[in-house]
Amino acid sequence: YPEWRCMFVGAGDQDVLSNLDRILKPLGSRAEVHGLKPYDEILDLFARSSIIGVPVFCDEAFGRTAAEALAAGAALIATNKGGLDDILQRAGICVEPTVESMTDALELLVGEMEELIKEQEKSWTNFDYSVEQSALQLEGVRERLFESL
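About the thresholds
- Residues numbered from 1 in each chain as written.
- Predicted model: local features only at pLDDT ≥ 70, side-chain atom pairs only at ≥ 80, totals over all residues.
- Heavy atoms only, no water.
- 1 Å grid on protein atoms, 1.4 Å probe; cavity = no way out; pocket = protein on both sides within 12 Å on 5 of 7 lines; lining within 4 Å.
- Points joined across faces, edges and corners; volume = space filled by probe spheres on them.
- Helix = DSSP H or I, 4+ residues; strand = E, 2+ residues; numbered from the N terminus.
- Nonpolar A, V, L, I, M, F, W, Y, C, P; charged D, E, K, R; others polar.
- Core = buried A, V, L, I, M, F, W, Y, C linked by side-chain atoms within 4.5 Å.
- Buried < 20%, exposed > 50% of the residue type's maximum accessible area, 1.4 Å probe, protein only.
- Contact = heavy atoms within 4.5 Å.

Okay, the layout of surface pockets next. Size it by volume and the largest pocket reaches roughly 2,100 Å³. Surrounding the largest pocket, 46 residues form its lining, C6, M7, F8, V9 and G53 being those nearest its centre. Broken down by secondary-structure element, the contributors of at least two residues to the lining of the largest pocket are β1 (6–8), α1 (14–24), α2 (39–48), β3 (51–54), α3 (64–71) and α5 (99–111). Its residues assigned to classes, the lining of the largest pocket comprises 30 nonpolar, nine polar and seven charged.

The structure is reproduced here in structure tokens:
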């Protein structure tokens, strides 16, 4: 897929990052590997990304990275670990925590523009953690609280 670029950003074992760097070397400037980045840079990357992968391999209570990816309107591929299941109920592609599963989902989105657009639209329309959605939920809690008094 010569028209695509990829960037790996985040914490990771130095050996893993070095291995990624070695594997991706043949792609030249189309692939970059970075460690942690400042939060404002991450949000800027999300805003410019078509697809975001969140390969979590441990039980995470709430996947903020996945929620922010959906809020940015990117197609999301994430593993079915911990709290990510909750975020991925109506948007995103949920896969087993294996390299093969992540690769298959990525190839689907990169190879079929219709699938990519469908997943991006799901991110916008089915995102349950928007300011508007959260305000509606809080209003419902407030109303139930006052009704019970």
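That shown, we press on.
In terms of nonpolar packing, the biggest core is built from 17 residues, with I52, V54, A66, L70, L76, A78 and L84 touching the most fellow members. Of all the secondary structure elements, the ones that give two or more residues to this core are α2, β3, α3, β4 (75–79) and α4 (84–87). Once residues lying within four places of it in the same chain are set aside, the contact partners of L84 are V54, V56, G63, A66, A78 and T79. Grouped together as the second largest cluster of nonpolar side chains are ten residues, I93, A105, L109 and V110 included.

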